[in-house]
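Residue strings, one per chain:
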Amino acid sequence: MPFTNAPAAVFAQQNSDVSYACAMYVLCCTGSVGGAHLGVVLHFKEEDRMRTTRKIATATMGAAAMLALAAGPALADGGVNANLKPVPGNGVAGSGTAMVQVTGTTMTVTMAASGLLANQPHAAHIHFGADARHECPTLGDDTNKDGHLNTTEGGPAYGPVVVSLTKTGDTSAKSVLAVDRFDTAPGGKISYERGSITVAPEVATAITKGQSVVVIHGVDYNKDGKYDGDVKSDLDPSLPTEATDPALCGALRAAPTGGMATGQGGSAGGADTAMIALGGAALLAAAGTGVVAVRRRRFQG
Ligand SMILES: [Cu+2]
């Protein structure tokens, strides 16, 4: 006994890997001590292993839970942006960008555009309708076939007004044509920023989900530098249709940079979380299999 135990004791002192020393001890003692002792050592090892596995599984599931919690608020808060492009048929050679940062039911809107009719009020809105296509209209929406798209014809694409991007005062749909409070595009350019715009929770959710559309209105079909013509506005018959027809349009989608992934990236994040959760389950399953295998060996042996 002293002869066989001595190397194991020395080895244990030299080695911080206790489990390896323990295995060495088992090897050294198997012959002299017998099967009973080996069974006890294996039992301890099995308990260690189960404890370690439980710790790993708990840590993994904890991480998954934390990721799930982190993913929760990201659905309510987030940034979306849009490239504003000419509405087909409406003769505007312009472009622009819009960004909306949503925090709860409050948001900040930043917008820049150029190529608009200069020095005339341009109504601008965020449109959303649950039944809309959440996109900009095409000439396929020109139901009266006059070659232009008025605001109503664009409705199936972008839905009704949910936010009026006024410079001052009310920002609700009530201000849809508050022409004295919209940007007048000096030099054909709009540079707009407004914070603390509040919306209904369902609107905030729709915007962060990438379902809303920015529309800047006001065109000049006859290129005479003003809103005029015989055709009346579909929104307000006291105005010419030039004053309200959509000029630039862009769907607000999840921002490609700044914390939020693209629309598809967002769901990929959810998949990652699910995969980690699955990994935890797989680990638990594997641990279960291992424990069963050890037990079988013990009972068979
Ligand atoms: Cu609009």
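Below you will find a few notes about this structure.

Rules behind the numbers
- For every chain, the first residue of the written sequence is number 1, and numbering continues from 1 onward in sequence order.
- Per-residue local features are limited, in this predicted model, to residues with pLDDT of at least 70; the limit for side-chain atom pairs, both in listing and counting, is 80 or more; totals at the level of whole chains, interfaces and linings are taken over all residues.
- Note on conventions: DSSP H or I runs of at least 4 residues are helices, E runs of at least 2 residues are strands, and numbering of each starts at the N terminus.
- Exposure classification rests on a simple neighbour count of other C-beta atoms within 10 Å of a residue's own: a residue reaching 20 or more is buried, one at 12 or fewer is exposed, and one in between is partly exposed. C-beta atoms are placed from the backbone.
- Only strands joined by at least two bridges in the DSSP assignment are considered to pair.
- Orientation is described by axes fitted as lines to C-alpha atoms, over the contacting stretch for helices, and by angles from 0 to 180 degrees between their N-to-C directions.
- Residue pairs qualify as contacts under a 7 Å threshold applied to their C-beta atoms, which are placed from the backbone.
- For the purposes of this analysis, a nonpolar core is taken to be any set of buried Ala, Val, Leu, Ile, Met, Phe, Trp, Tyr and Cys residues that are connected through C-beta atoms within 7 Å.

The next thing to look at is the overall build of the protein. Along the protein, the regular secondary structure elements total 7 helices and 8 strands. Taken across its 301 residues, the protein has 31% of its residues classed as buried.

Let us now look at the sheet that holds strand 4 (residues 124-127). The 8 strands lie next to each other as 5-4-7-8-1-2-3-6, forming an open sheet whose pairing is antiparallel. Where the open sheet ends on each side, the last strands, each with one partner, are strand 5 (161-164) and strand 6 (190-198). For this sheet, the mean inter-axis angle between neighbouring strands, taken without regard to orientation, is 20°. Sheet analysis places strand 4 next to strand 7 (residues 212-217), joined by 4 bridges and oriented antiparallel. Directly across from isoleucine 126, in strand 7, lies its bridge partner valine 214. Together, strand 1 (78-86), strand 2 (95-103), strand 4, strand 5, strand 7 and strand 8 (246-254) form the strand contacts of helix 5 (residues 201-208), whose direction differs from that of strand 2 by roughly 125°.

Bringing the environment of leucine 177 into the picture now. With respect to the helices and strands, leucine 177 occurs in the loop between strand 5 and strand 6. Of the residues examined, leucine 177 has 22 C-beta atoms within 10 Å and is grouped as buried. Through-space distance from the C-alpha of leucine 177 to that of histidine 217 is 9.9 Å; in sequence the pair is 40 residues apart. Leucine 177 has contacts with Ala123, Leu235, Asp236 and Thr244, leaving out every residue within four places of it along the chain.

Regular strands place side chains that alternate from one sheet face to the opposite one. Among the 9 residues in strand 8, 8 count as buried, and that is most of the element. Here 4 bridges tie strand 1 to strand 8, and the two strands are oriented antiparallel to one another. Looking across to strand 8, one finds that asparagine 81 is bridged to arginine 253.

Our focus in this paragraph is the nonpolar core. Across soluble globular proteins, nonpolar side chains show a tendency to be buried alongside one another. By size, the foremost hydrophobic cluster in this structure holds 45 residues, and its most contacted members are Met111, Ile207, Val214, Ile216 and Leu252. Examining the composition of this core, we find that 5 residues originate from one element, strand 8, more than from any other. In this view, leucine 252 contacts Val80, Asn81, Ala82, Ala98, Val100, Ile207, Gly210, Ser212, Val213 and Val214; residues no more than four positions away in its chain are not counted.

As a further point, take the environment of isoleucine 216. Within the secondary structure, isoleucine 216 sits in strand 7. Residues isoleucine 216 and leucine 116, spaced 100 residues apart in sequence, show a C-alpha to C-alpha distance of 9.1 Å. Every residue in contact with isoleucine 216, bar those within four places of it in the chain, is listed here: Leu84, Ala113, Leu116, His122, Ala124, Ile190, Ala247 and Leu248.

As a further point, take unusual backbone geometry. Unusually for a residue other than glycine, lysine 145 sits at a positive phi of about 55°. Here lysine 145 is to be found in the loop between strand 4 and helix 4 (155-158). For lysine 145, a count of 7 C-beta atoms within 10 Å gives the class exposed. Backbone geometry places alanine 185, a non-glycine residue, at a positive phi of 50°. Structurally, alanine 185 is set in the loop between strand 5 and strand 6. We classify alanine 185 as buried; it has 25 C-beta atoms within 10 Å.

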